[in-house]
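# A closer look at the structure
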Amino acid sequence: MGLLDFFVSFAIMASIYAIFSMGLNVHWGYTGLLNFGIAGFFAVGAYTSALFTAKMPTGALASFVIQAFGLNMPFLLGVLFAAIFSGLIAVLVGLLTLRLSEGYLAISAIGIAETIRIFFNNERWLANGAQGLIGIKRPLGDVIAPAYYNYFYLGVVVIFVLLIYFALERGIRSPWGRVLRAIREDEVMAAADGKNVFLFKLQSLALGAMIMGIAGSLYAHYSAAIQPSVFEPLFGTFIIWTMLTVGGTGNNKGAILGAFIVWALWSWTTFVILKIVPASFATRAPYIRYVIIGILLVVFTAARPRGIIGEERQVSRF
Amino acid sequence: MSKLRIENVVSGYGSMDVLHRLSLEVEEGKIVTLLGPNGSGKTTVLRTIFGVISPKEGKVFYNGQDITGTPPENVARLGMCYVPQEENIFAALTVQENLEMGAFIRDDDFRPRMELVFEFFPDLTDRRKSRAGDLSGGMRQMLAIGRALMLNPEMLLLDEPSTGLAPFLVEQIFERIQTLNKQGVTVFLVEQNAQALSCADHAYILEGGEKRAEGTAQELMNDEEIGKYYLGR
Amino acid sequence: MLEVIVYGIVLGSIIALGSVGLTLIWGITELFNCAHGDQITAGAYLALLFGGLLSRIGPLGNPVGPFSFSWGLLISFIPAIAVSIGLAVLVDRLVYKRMRRSGAHFITAFIASIGVAWALRGFIYIIWGADFHFYSQGLRAMVFLPAGIKLRTDEIFIMIVAWGSVAAVYLFLGRTKTGKALRALADNPNLARVSGINVERMLIWAWGLAGLLVAVAGILYGIETQLRPEMGWIFLLPLFAAVILGGKGSITGALAGGLVLGLAQQVSTLFLVPTYKPAVAFIIMILVLIFRPKGIFGRRTA
């Protein structure tokens, strides 16, 4: 029974990350936008969903958990608002930074994500600062027995993965999607064709961010507790870049594959290492993942930047 | 004697070909001008010769030797020097340091040569210690050519040296180029400005990456068609 | 207020040292090295390693004069710098050179440098663990300057070494042929090639210089506060901001930028919680990018 539970937990996280990867694919794979601030959208999605679906803490709990509001909405509305707020932040960020050249956009995004994290960390009145929020509402959490809950949640997440996958696959073949691809290939030519490049990029930024917001929300409701330290650059941004790079940039299947592979490496290596390594080393063992993932990223960008699956050729059929 | 020759060169950027089977020749000791409108591929010709880009087809010969695709840092050692059109000086360095960098591959003492260059472009002498990026357009052009002269080249490739200069400065530059030629330097000059014909021994007209015409400066200027379309007469 | 400024200058000097290497590499190769912060960390930990070993040899364990660190640590500057240089050049040869050869987009190299950063940090965690480390546990002696400014003796050492290194870098870059070639390369790589300068050979010098400076910056930071594996990340945003502020490839700009960032971050603690410091760095960077993207000393040609 234990092994099955392990796999289910693994699959849930891998699927959530798959959604993040697809969001990044919209940004980078389709439009060529360097979003190194995924963690920011992750945080916004997670916190929005958590706050919107939470009840204001009462009694003894109120002294431990301080939050600005709690609207006690149902799960799905939480996800919806997570997407909306994430998208709004993306629009703001886009208005600020899209006119910058690529490299600068990337670095700005890192800064923005960090600022968001620091803000949540310091401003305790908003979402309990560094201690974060706990007891986040689980959809149908009261109805389904704890032993089977994860199976149910896996189903929920997989439904989201499939919905987003098919929506994106339709979207990329639409006229809108083709413009995005044209922008990625040659911005100057796309602009010469009369397309409002800025507007398309903004839309792409918002769409990808909304997807990331959804993923953030799903994460929050799964782990039932979130703190700002979760949304730091490694887990919140760069691991997703690794996933997309390994799986295949420009390809939604690649995004999902990459997420599963990298998450597998990430979560299983700890498991395996802890079995091999002497107990005294146990606290440091998790960091071997850093080295593995780091080397993975280097190897793939150096040797196979297109990833395992590589970009889909069929899409560019005009 | 042919100093520089390119044969059937196909060259460009990415999937886009700019030059289509272009052949031309520069005879030793002459000034040869390549004239053409914007986008005709003039800069691509020079870049291909100097190895900044490798041709997809065709060959480049210098002094009879095949130098096709030789990287720029090696071409510089062959006796040929190239002055690009834009960003042709080290803006962050001083005038003197720019010339020093021109002499980078020299083993010997470059200082006598540097003094000669200052004599050749006297206006630069007062600004030896000035930051190159602060110089005026005309001085910058002189410095760009001066940098190339530090190696005592047999041949100079010049990309639109008259760009953005006032007419009297343009005259000055062309006069300096002619003086260099009289001293024995072969010059391959690429220009948009038809005035460049006046000092050329031989000229080519380039359009759309193809040779449209060639001949002596006199022949080209006398030809009505060419005069009308390319030389604005 | 005065103390904040003084401390800001101390910190700014360390950031400035780190920024020089970053801007040089950026100017020459278009690589914005995300591993730079972690290389600083590596330098600090290397000194911990060598310093620890050396300090066991008799009198080398004693503190140097009025400072808190031992002779062992002082000597360890040399092996730490050597290994740091070796590491920097090695990574370039193994990873970035391949990408230059295959004409890879600078984004690819940027992402690769993230992988390098990650792997490097992982190694540090594995070897030393996540706890804080200190070069020495001894008392930190203070010096009292006019106007009521208190400085640790260590901080005077830091300033001397930092600005001494800066002076040495200036001399190297300004007076030697290799140094001028590096500046030329950082300013206009294409023209440098056209002038016959061999880029790959120069890059060894560039990475060597970067490796030296990050090691010194790391050790100085370790003397100033403490060592922990995350410290590279703390540096990264201020480094990025300093380099962008100073302009791509401009050494003077990087130095000035480093000082400005150090000061700005410290001054911000007067009215913001210290954990907002990276945000301050980021805001400066964004303002520069919006209003003056070339930086203050940025490349200005035609």
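Details of the structure are given in the entry above.
This structure is a prediction, so every number in the text was calculated from the model and none was measured.

## What to know about the overall build of chain B
- Scanning chain B for helices and strands turns up eight helices and 10 strands.
- Rg of the C-alpha trace for chain B: 17 Å, near the compact-globule value of 17 Å for 233 residues, within the 12% margin.
- Seen along its three principal axes, the alpha-carbon backbone of chain B occupies a region of about 50 × 35 × 35 Å.
- In chain B, which comprises 233 residues, the share counted as buried stands at 43%.
- Considering only contacts within chain B whose residues lie at least 6 apart along the sequence, 66% involve residues at least 24 apart.

## Side note on the interface of chain C and chain B
- At the junction of the two partners, chain C supplies 18 residues and chain B supplies 22 residues.
- For the side of chain C that touches chain B, the elements supplying multiple residues, two or more each, are helix H6 (177-187) and helix H7 (189-194) of chain C.
- With five residues, H6(C) is the largest single contributor of residues to the side of chain C that touches chain B.
- Taken together, the residues of the side of chain C that touches chain B break down into six nonpolar, six polar and six charged.

## Details of the sheet that holds strand S6 (residues 80-83) of chain B
All names here are of chain B.
- If you walk across this open sheet you meet the six strands as S6-S7-S8-S3-S9-S10, and the pairing is mixed. The open sheet terminates on both sides in strands that have one partner only, identified here as S6 and strand S10 (210-215). Looking at each pair of strands side by side, their axes are set apart by 15 degrees on average, direction ignored.
- Packing of helix H1 (residues 42-50) onto the sheet brings it into contact with strand S3 (31-35), S6, strand S7 (155-159), strand S8 (186-191) and strand S9 (202-207), and relative to S7 it is tilted by some 145 degrees.
- Against the sheet, helix H6 (residues 167-182) contacts S3, S7 and S8, and its axis sits at roughly 155 degrees relative to S8.

## Some thoughts on the nonpolar core
- Core analysis: the largest hydrophobic core is formed by 272 residues, its most contacted members being Ile16(A) and Ala241(C).
- It is helix H8 (residues 199-224) of chain C that provides the largest number of residues to this core, a total of 15 residues.
- For Ile16(A), the contacting residues outside a window of four places in its chain are Val157(A), Ala215(A), Leu218(A), Tyr219(A) and Tyr222(A).

## Regarding the interface of chain C and chain A
- The interface is formed by 33 residues belonging to chain C together with 31 residues belonging to chain A.
- Secondary-structure elements contributing two or more residues to the side of chain C that touches chain A are helix H3 (71-101), helix H4 (106-128), helix H9 (231-246) and helix H11 (277-291) of chain C.
- Broken down by element, the side of chain C that touches chain A gets its largest block of residues, 16 residues, from H4(C).
- Here the residues of the side of chain C that touches chain A are counted per class, giving 26 nonpolar, five polar and two charged.

## Focus: the packing of helix H1 (residues 2-30) of chain A against helix H7 (residues 146-173) of chain A
Residues and elements named next belong to chain A.
- Running from N to C, H1 and H7 cross one another at 20 degrees; their axes reach a closest spacing of 9 Å. On the basis of their axis angle, the class for H1 and H7 is roughly parallel. Note that H1 runs across H7; the crossing there is left-handed. Residues Asp5, Val8, Ser9, Ala11, Ile12, Ser15, Ile16, Ala18, Ile19, Met22, Val26 and Tyr30 of H1 form the contact with H7, whose participating residues are Asn150, Tyr151, Tyr153, Leu154, Val157, Val158, Phe160, Val161, Ile164, Tyr165, Leu168 and Ile172.
- Here the residues of the contact of H1 with H7 are counted per class, giving 20 nonpolar, three polar and one charged.

## Observations regarding the arrangement of the chains
- Sorting the two pairs of chains in contact by contact count puts chains A and C at the top.
- At the level of C-alpha atoms, the two units chain A and chain B stay apart, their nearest approach being 12 Å.

## Brief notes about the pairing of S9(B)
Residues and elements named next belong to chain B.
- With four bridges joining them, S3 and S9 adopt parallel strand pairing. Residue pairing for S9: Thr33 is matched across the bridge by Ala203.
- Where S9 meets S10, five bridges bridge the pair, whose relative direction is antiparallel. Residue pairing across strands places Ile205 opposite Ala213, the latter belonging to S10.

## What to know about the pairing of S6(B)
Residue and element names in this part refer to chain B.
- Burial along S6 is two-sided: the residues Met80 and Tyr82 and Cys81 and Val83 are all buried.
- Pairing analysis gives four bridges linking S6 to S7, with the strands arranged parallel. Its bridge partner lying in S7, Val83 is registered against Leu158.

## Thoughts on helix H2 (residues 38-53) of chain A
- Helix length check: H2(A) (16 residues) gives 23 Å between terminal C-alpha atoms against 22 Å at 1.5 Å per residue, within 8%.
- Counting buried residues in H2(A) gives 16 out of 16 residues, a clear majority hidden from the surface.

Cut-offs applied
- Residues numbered from 1 in each chain as written.
- Chains lettered and ligands numbered in written order.
- Predicted model: local features only at pLDDT ≥ 70, side-chain atom pairs only at ≥ 80, totals over all residues.
- Helix = DSSP H or I, 4+ residues; strand = E, 2+ residues; numbered from the N terminus.
- Rg over C-alpha atoms; globule rule 2.2 N^0.38 Å.
- Buried ≥ 20, exposed ≤ 12 C-beta atoms within 10 Å, placed from the backbone.
- Contact = placed C-beta atoms within 7 Å.
- Nonpolar A, V, L, I, M, F, W, Y, C, P; charged D, E, K, R; others polar.
- Pairing = 2+ DSSP bridges.
- Axes fitted to C-alpha atoms, helices over the stretch in contact; angles between N-to-C directions.
- Core = buried A, V, L, I, M, F, W, Y, C linked by C-beta atoms within 7 Å.
- Parallel < 35°, antiparallel > 145°, perpendicular 65-115°, else oblique.
- Left-handed = near helix turned anticlockwise from the far one by under 90°.
- Expected span 1.5 Å × (residues − 1).

None of the figures reported here should be taken as evidence of function without further support.
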